[in-house]
Amino acid sequence: MDVVPLLDWGDNSHFDARTTRPCCLCGKPTPMRSHADEAVHKVCAEEWNATRPNEARRYTPPAPGRAQHDVGTWRFHNDGPTTAHLRAPAVTRDTPQRPAPAGAGGQGDLFAA
Ligand SMILES: [Zn+2]
């Protein structure tokens, strides 16, 4: 089995000592909170990230001499600086543009079967 990357949630904003709420993933009570204040166990968030490789990811900001690295998904990610301003572009279908036929005025093939 692959190793599940652990989230760095050392910031105390991830812990609500006053209230437990049902985890949004497993339903059991938890004092833990995501960055978006979702009630979620840290292990549930890590498992959610690990089982969704195609989910939009966040990365550390670019820095000279240091490669960017994955810090989790947009939903559940590490504390610290992330590439908040560099949201991954939406996936779109690649629709190649056909060049207009030479000498046809660009409209010649619109009615072609
Ligand atoms: Zn849970």
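Refer to the structure above for everything that follows.
Cut-offs applied
- Residues numbered from 1 in each chain as written.
- Predicted model: local features only at pLDDT ≥ 70, side-chain atom pairs only at ≥ 80, totals over all residues.
- Helix = DSSP H or I, 4+ residues; strand = E, 2+ residues; numbered from the N terminus.
- Contact = placed C-beta atoms within 7 Å.
- Core = buried A, V, L, I, M, F, W, Y, C linked by C-beta atoms within 7 Å.
- Buried ≥ 20, exposed ≤ 12 C-beta atoms within 10 Å, placed from the backbone.

Enquirer: I would appreciate a short explanation of the overall build of the protein chain in the present structure.
Expert: Across its full length, the protein chain holds 1 helix and 4 strands. Shown N-terminal to C-terminal, the secondary structure of the protein chain runs as helices and strands in the order β-β-α-β-β. The long-range fraction of contacts in the protein chain, counting pairs at least 24 apart against all pairs at least 6 apart in sequence, stands at 30%.

Enquirer: I would appreciate a short explanation of the nonpolar core in the present structure.
Expert: For soluble globular proteins, the rule of thumb is that nonpolar side chains tend to be buried together. Counting residues in hydrophobic clusters, the biggest one holds 6 residues: L7, W9, A39, V40, A45 and F76. Setting aside residues no more than four positions away along its own chain, A45 makes contact with L7, S34, V40 and F76.

Enquirer: What exactly am I supposed to notice about unusual backbone geometry here?
Expert: The backbone of D37 sits at a positive phi, close to 65°, despite the residue not being glycine. Among the structural elements, D37 can be located in the loop between strand 2 (29-30) and helix 1 (42-50). D37 sits in the exposed class, given 11 other C-beta atoms within 10 Å.

Enquirer: Please explain the environment of A45 as it appears in this structure.
Expert: As for its placement among the helices and strands, A45 is situated in helix 1. Residues A45 and R33, spaced 12 residues apart in sequence, show a C-alpha to C-alpha distance of 9.9 Å.

Enquirer: How do you make sense of the environment of V71 when you look at a structure like this?
Expert: Mapped onto the secondary structure, V71 falls in strand 4 (residues 70-73). Overall, the presence of 21 C-beta atoms within 10 Å leaves V71 in the buried class. Separated by 65 residues in sequence, V71 and L6 have C-alpha atoms that sit 9.3 Å apart.

Read these as spatial facts, not as claims about activity.
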